[in-house]
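Summary of the model geometry
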Amino acid sequence: MASKAIETIYHQTRFRSRTEARYAVFLDVLGVAWEYEKEGYVLPDGTYYLPDFWIPEIQSFVEIKGVRPTATECDKATQLAEASHHHVFIFFGEVGNVCETSAYWADPAQGGELSDSYGWCECLQCGAWGIGYYNNVNG
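Anyway, here's the lowdown on the structure attached to this text. Owing to the predicted nature of the structure, the values given are computational and were not obtained by experimental measurement.

**Observations concerning the pattern of salt bridges**
- Within the structure shown, the criterion is met by five salt bridges.
- For K38, the salt bridge goes to E35, with nearest N and O atoms at 3.6 Å.
- When the shortest N-O distance is used, the salt bridge between E73 and K65 registers 3.7 Å.
- Linked by salt bridges that have partners in common, E63, K65 and E73 make up one network.

Written as structure tokens, this is what we have:
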């Protein structure tokens, strides 16, 4: 039985779940600007979809899942990339542990096809945080 999400308020924003609120805290700690549930989309299959976060600096949507996303959730991300013409990342795992938080990436230029092994990384030259590809950084 899945647990019910608990609405949480952080920085005067009402989040639908504690996991999403924790992610907002995580983004703030990284210094990454975000907008919560900025805009909804009608997906190609006719479903209405409201992405969790918009990250203006990288012009991308970020979806937050506590566990690895299902095939249906991945399909929605793929459709969102196609409908919005923006990248969509689905992050899952422990919020706040950069090395254990991984993501799938839906690229609209690739027909929304999902690929994995993406995560938050810090630029060694300027110190800014962004999303990048990594290859099993934990070994």
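Having put the structure on the table, let's press on.
**Some words on the environment of F53**
- Mapped onto the secondary structure, F53 falls in strand β6 (residues 53–55).
- On the accessibility criterion, F53 (0% relative accessible area) is buried.
- With 17 residues separating them in the primary sequence, F53 and Y36 have C-alpha atoms 4.7 Å apart.
- Aside from chain neighbours lying at most four places away, what touches F53 is F15, E20, Y23, A24, L27, W34, E35, Y36, S60, F61, V62 and I64.

Conventions and cut-offs
- Residues numbered from 1 in each chain as written.
- Predicted model: local features only at pLDDT ≥ 70, side-chain atom pairs only at ≥ 80, totals over all residues.
- Heavy atoms only, no water.
- Salt bridge = Lys/Arg side-chain N within 4 Å of Asp/Glu carboxyl O.
- Helix = DSSP H or I, 4+ residues; strand = E, 2+ residues; numbered from the N terminus.
- Buried < 20%, exposed > 50% of the residue type's maximum accessible area, 1.4 Å probe, protein only.
- Contact = heavy atoms within 4.5 Å.

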